Amino acid sequence: MRVLVVGGGGREHALCWKIAQSPKATKVWCAPGNAGIAGVVECVDIGAGDVEGLVRFAKEQRVDLTVVGPEEPLVKGLVDRLEEEGLRAFGPRKSAAELEGSKAFAKDLMQRYLIPTAGFRTFRRAEEARRYLETHDSYPLVLKADGLAAGKGVIICRNAQEALAALSTIMVDKRFGNAGDTLVIEDFLVGEEASIMAITDGTNILPLPSSQDHKALGEGDQGPNTGGMGAYSPAPVIDEAMMRQIERSILVPTIHAMKSEGRAFRGVLYCGLMITPGGPKVLEYNVRFGDPEAQVLLPRLDGDWLDVFTSAADGRLDQAAFSWDPRPAVCVVMASPGYPAKATTGAPIAGLDEEVADTVVFHGGTARDGDRIVTAGGRVLGVTGFGDSIAAARDRAYARVETIRFPGVHYRGDIGAKALDRLAKK
Ligand code: AMP
Ligand code: GLY
């Protein structure tokens, strides 16, 4: 099979690394890829948002399956365009990618299909939102720009003053562009966050093991939110019984709802959850693998991901064979100085060739500069470790992190700490 992977971050490195291991893969490309991906497959210089460029390439090269990493091309309709050309893709069509592309759409769907989520109101006019806030007296509240905002369009407000400022940021100053044309105001949920992803062909659902992201930049969840500073899988907060509840009350109803709406969802559905005392509730949907969650989940499949993706694209996921490696995985993200505001890049990275058993280094923002590999983005590397326990996997990951150096490198030292706390209390 000839396979094209779209994207150029750590998630896509993990995808390419796994797909290239499939005996069925005869040729694999990645657009645009990065310096690490270039070590496993052939990179082509087409941006992940260049829908027509990607379609042209897939046609010319007679690509058998396109696997889409990031949300932007999905929301822009890359899968629809590929299918129009008779090409096969793994990922949702534009109408199904709305689940991530519009928070107002997602909230409305959850409300109509009784899928547990925070209470909310949607506003299309700033004046109406302001009037609502002026009479509201229960805080914190969460204000969310409706559209795609690279994970930055969510503002948690402790009082009315902060909420009015956030309203202006989103709807008046348009900090997130058109994403702020519509505003969702949501109740604040208390609990522990975790993620459940599932592969689906629109009807059959294959839930993946649980994982947990670390969104904040600093240790102890302090500082600004990022795309994710680390992850581990499985997440002990989701035990067997909780998993069954999530399948029953969230995964199955969501896939059913999308099908009933004529928006059958094919691809990876990512449910960002808050595990509250009242049960699991949806914080957000994504329509793709999480990054860095993919860097702990993809390695844990004992089986052929290419088979799973192809079966999902063909609507016969029930026939895919696979099992999970029981060993936990922990991924630590190494970031550039200045991230997430404005990352400083171009620094040479040392120590990438040193081997540490049970680890793998996935490249995010890296580029080749002559014979050196240099930093080229905010999240530079995702270092994944495996072990018989989360503690052992974490120790492997940090042992590898310590062999890698670049100027101003920032990483959190507490990835996995919450899981270990929870396991210690059991
Ligand atoms: P989202 O992109 O909607 O997942 O929001 C980003 C982050 O904001 C989440 O991972 C949570 O940490 C936080 N968040 C979002 N919505 C809520 C909510 N209703 N209650 C508490 N925290 C929230
Ligand atoms: N790590 C969270 C995300 O990929 O959206």
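Going by the structure above, here's the rest.
Residues numbered from 1 in each chain as written. Chains lettered and ligands numbered in written order. Predicted model: local features only at pLDDT ≥ 70, side-chain atom pairs only at ≥ 80, totals over all residues. Heavy atoms only, no water.

J.: What's the story with unusual backbone geometry in this structure? I'm lost.
T.: Most of the time, phi is negative for any residue but glycine, and the peptide bond is trans. Here the amide bond leading from Tyr139 into Pro140 is cis, since omega sits at 0°, within 30 degrees of zero. Residue position: Pro140 is located in the loop between α7 (126-135) and β7 (141-145). With an omega of 20°, the peptide bond between Asp291 and Pro292 qualifies as cis. The backbone of Leu114 shows a phi angle near 55°, a positive value even though the residue is not glycine. Residues other than glycine seldom take positive phi values, yet Asp221 does so here, at roughly 60°. Looking at Asp221, the relative accessible area reads 36%, which means it is partly exposed. (Helix = DSSP H or I, 4+ residues; strand = E, 2+ residues; numbered from the N terminus. Buried < 20%, exposed > 50% of the residue type's maximum accessible area, 1.4 Å probe, protein only.)

J.: Any chance you could explain the sheet that holds strand β3 (residues 42-43) here in plain terms?
T.: The strand order across the open sheet built from 5 strands is β3-β2-β1-β4-β5, with neighbouring strands paired in parallel fashion. On the outer flanks of this sheet lie β3 and β5 (89-90), each paired with one strand and no other. Looking at chain direction, strand β4 (residues 65-68) and β5 are connected through 2 bridges and run parallel. Within the sheet, the bridge partner assigned to Val67 lies in β5 and is Phe90. Sheet strands in contact with helix α1 (residues 10-20) are β1 (2-7), β2 (27-32) and β4, and its direction is about 170° off that of β1. Against the sheet, helix α2 (residues 51-60) engages β1, β2 and β4, with an angle of about 170° to β1. (Pairing = 2+ DSSP bridges. Contact = heavy atoms within 4.5 Å. Axes fitted to C-alpha atoms, helices over the stretch in contact; angles between N-to-C directions.)

J.: I tried to follow helix α5 (residues 94-101) on my own but got confused; where do I start?
T.: Each α-helix winds once per 3.6 residues, and so residues spaced three or four apart point in a common direction. Among all positions of α5, only Ala96, Ala97, Leu99, Glu100 and Gly101 are buried. Looking at the packing, one finds that the buried side of α5 touches α3 (71-75), α6 (103-112), α9 (240-260), β16 (267-276) and β17 (279-286).

J.: Which parts of the structure should I look at to understand the sheet that holds strand β20 (residues 329-335)?
T.: The strands making up a sheet associate through backbone hydrogen bonding, with each pair oriented either parallel or antiparallel. Read from one edge of the open sheet, 5 strands run β12-β15-β20-β24-β21, paired in antiparallel fashion. The sheet is open, and its two edges are formed by β12 (212-213) and β21 (359-363), each paired on a single side. Where β20 meets strand β24 (residues 379-386), 7 bridges bridge the pair, whose relative direction is antiparallel. Each bridged residue has a counterpart across the sheet, and for Cys331 the counterpart in β24 is Thr384.

J.: Sorry if this is basic, but what is going on with the site of ligand 2 here?
T.: Neighbouring residues of ligand 2: Asp213, Gly227, Tyr270, Asn286, Arg288, Gly290, Asp291, Pro292 and Glu293. Between a nitrogen atom of ligand 2 and a side-chain N or O atom of Asp213, the distance comes to 2.9 Å. At 3.0 Å, a backbone N or O of Gly227 approaches a nitrogen atom of ligand 2. Protein contacts shield 89% of the accessible area of ligand 2, which totals 200 Å² for the unbound molecule. (Near = heavy atom within 4 Å. Polar contact = N/O pair within 3.5 Å; in protein donor to acceptor, adjacent residues only side chain to side chain. Areas by Shrake-Rupley, 256 points an atom, 1.4 Å probe, with all protein chains shown as cover.)

J.: Would you mind going over the site of ligand 1 with me for this structure?
T.: Taken together, 16 residues are adjacent to ligand 1, and Glu186, Asp187, Leu189, Glu193 and Glu284 come closest. Contact distances for ligand 1 include 2.9 Å between an oxygen atom and a side-chain N or O atom of Lys144. Leu189 is positioned with one of its backbone polar atoms (N or O) 2.8 Å from a nitrogen atom of ligand 1. The protein chains hide 93% of the 470 Å² of surface that ligand 1 would expose on its own. Secondary-structure elements contributing two or more residues to the shell around ligand 1 are β7, β8 (154-157), β9 (183-187) and β17.

J.: Where do I start with the nonpolar core in this structure?
T.: Note that soluble globular proteins tend to have their nonpolar side chains buried in a common cluster. Counting 71 residues, the largest nonpolar core has Leu99, Ile238 and Tyr285 as the members making the most contacts within it. Among the elements that make up this core, the one with the highest residue count is α9 (8 residues). Those residues in contact with Tyr285 that sit more than four places away from it in its chain are Leu99, Glu100, Ala106, Met110, Ile115, Thr254, Leu269, Tyr270 and Cys271. Counting 40 residues, the second-largest nonpolar core is a separate cluster that includes Leu65, Met197, Trp305 and Ala313. (Core = buried A, V, L, I, M, F, W, Y, C linked by side-chain atoms within 4.5 Å.)

J.: Please clarify how the packing of aromatic side chains should be interpreted in this entry.
T.: Aromatic rings considered in pairs are described by the distance between their centres and by the relative angle of their planes. As enumerated under the stated definition, the model contains 9 aromatic pairs in all. Ring centres of Phe289 and Phe309 lie 6.2 Å apart, and the angle between their planes is 65°; this geometry places the pair in the edge-to-face category. Taken together, the positions of Phe289 in the loop between β17 and α10 (293-297) and Phe309 in helix α11 (residues 305-313) put the pair 20 residues apart, joining distant regions of the chain. An identical accessibility class is assigned to Phe289 and Phe309; each is buried. Considering the side-chain rings of Tyr398 and Tyr411, the 6.2 Å spacing of their centres and the 45° angle between planes classify their relative orientation as tilted. Residue Tyr398 is found in helix α12 (residues 390-401), and its partner Tyr411 is found in the loop between α12 and α13 (417-425); the two are separated by 13 residues along the sequence. Owing to a relative accessible area of 10%, Tyr398 belongs among the buried residues under this scheme. (Phe/Tyr/Trp six-rings, centres within 6.5 Å; stacked < 30°, edge-to-face > 60°.)

J.: Is there a simple way to think about the pairing of β17 in this case?
T.: Two faces, one strand: in a regular strand the side chains alternate between the faces of the sheet. In terms of burial, β17 is largely enclosed, as 7 of its 8 residues are buried. In the sheet, β16 pairs with β17 via 7 bridges, with the strands oriented antiparallel. The residue of β17 that forms the bridge with Leu273 is Val282. Taking the residues between adjacent antiparallel strands as the criterion, β16 and β17 are bridged by 2 residues.

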